[in-house]
Amino acid sequence: GCLLADQQRHRLKLAFHAYANDPDRPYQDATPEKLIADLDLVAEEIHRFAGIDDRVTAVAVSPDGRLALSGTSGGRIDVWDMTTGFRFRDTLNTKGEVDYLAVSPDGRTMLPGGWDRNTVSLLNSETGVEIRRMGEMTGGATAAAFSPDGRFVLSGGGDGRLRLWEAATGKEVRTIVGHALIVT
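Each residue is numbered by its place in its chain's sequence as written, counting from 1. Whole-chain, interface and lining totals are the exception, using all residues; otherwise, since this is a predicted model, local features are given only for residues with pLDDT of at least 70 and side-chain atom pairs are given and counted only at 80 or more. With hydrogens and water excluded, all non-hydrogen atoms of the structure serve as input to the side-chain values.

1. Section: the overall build of the chain
In plain terms, the rule: Here a helix means four or more residues in a row that DSSP labels H or I, a strand means two or more in a row labelled E, and each is numbered from the N terminus. The rule is simple: take the accessible area with a 1.4 Å probe, protein chains only, and divide by the maximum for that residue type; under 20% is buried, over 50% is exposed, in between is partly exposed. Residue contacts follow a heavy-atom distance rule, with two residues in contact if any of their heavy atoms lie within 4.5 Å. Working definition of accessibility: Shrake-Rupley area with a 1.4 Å probe, residue cover restricted to the visible protein chains.
Across its full length, the chain carries 2 helices and 17 strands. When each of the 184 residues of the chain is scored for burial, the buried share is 44%. A fraction of 39% describes how many contacts in the chain between residues 6 or more apart in sequence connect residues 24 or more apart. Working note: accessible area of the chain is about 9700 Å², and carbon and sulfur atoms make up 51% of it.

2. Some points on the sheet that holds strand 13 (residues 130-136)
The following threshold applies: In this scheme, strands are said to pair when DSSP sees at least two bridges between them. Here, axes are lines fitted to C-alpha atoms. For helices the fit covers the stretch in contact, and angles between N-to-C directions go from 0 to 180 degrees.
Taking strand neighbours across the sheet as the criterion, the 4 strands line up as 10-11-12-13 in an open arrangement whose pairing is antiparallel. The sheet terminates laterally at strand 10 (100-103) and strand 13, the two strands that pair on one side only. Ignoring which end each strand starts from, the neighbouring axes of this sheet average 20° apart. Inspection of the sheet shows strand 10 paired to strand 11 (residues 109-113) by 4 bridges, in the antiparallel sense.

3. Digging into the pattern of salt bridges
The condition that has to hold: Only one rule defines a salt bridge in this text: a Lys or Arg side-chain nitrogen within 4 Å of an Asp or Glu carboxyl oxygen.
All told, the structure shown has 9 salt bridges when counted by the stated rule. Between D78 and R87 there is a salt bridge; the shortest N-O distance is 3.0 Å. When the shortest N-O distance is used, the salt bridge between R163 and E172 registers 3.8 Å. Taking the relative accessible area as the measure of exposure, E172 reaches 32% and is therefore partly exposed. In this structure, a network of salt bridges that share partners links the residues D159, R161, R163 and E172.

4. Side note on the pairing of strand 10
The alternating pattern of strand 10 places Y100 and A102 and L101 and V103 on opposite faces, both of which are buried. Connecting the antiparallel pair strand 10 and strand 11 is a turn made up of 5 residues, with G107 showing a positive phi of about 80°.

5. Quick look at the sheet that holds strand 16 (residues 162-166)
What the 4 strands build is an open sheet, ordered 14-15-16-17; its pairing is antiparallel. Each end of this open sheet is capped by a strand with a single partner; those strands are strand 14 (141-146) and strand 17 (172-176). For this sheet, the mean inter-axis angle between neighbouring strands, taken without regard to orientation, is 20°. In terms of strand pairing, strand 15 (residues 152-157) meets strand 16 through 5 bridges, oriented antiparallel.

From the geometry alone we can't say anything about function, so treat these as descriptive.
Set out below in structure tokens:
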């Protein structure tokens, strides 16, 4: 299964996809564009994540599959219980559009952000409380991800640079220069 954002209906679908001519083979090699194009044709809805009033711009699922996160163009982040489809806790409102969401390997921390923010912040996944703020990103923080062991955060910026941070301290470990354009 996978979590898909249905931009026109402002909702999320947790769906199982299969090729029409080979129903035992999931859409594992399909592009995101193909999945979105086929959403209404092949998606079997398991849970409906209702109550999103704005355009969904980012989604993430915790590694244990327990939580789903959705971010909107209005800066709203919702945390959902994947087993019931209900909102896990009250909505967290951030400043500006949520362009990316990442969840740490242990599921306890999330990285929400957008190009209109100049910092990368770690938030508690269940409470939404800021745990740590990393340093400044020139041109906005446009992408971020956790390392597989959760010790590091890699962020991309509008200035074309990648920055590697220690998750525990927020200390910048390395800056990688070489991209001519924005990192997404």
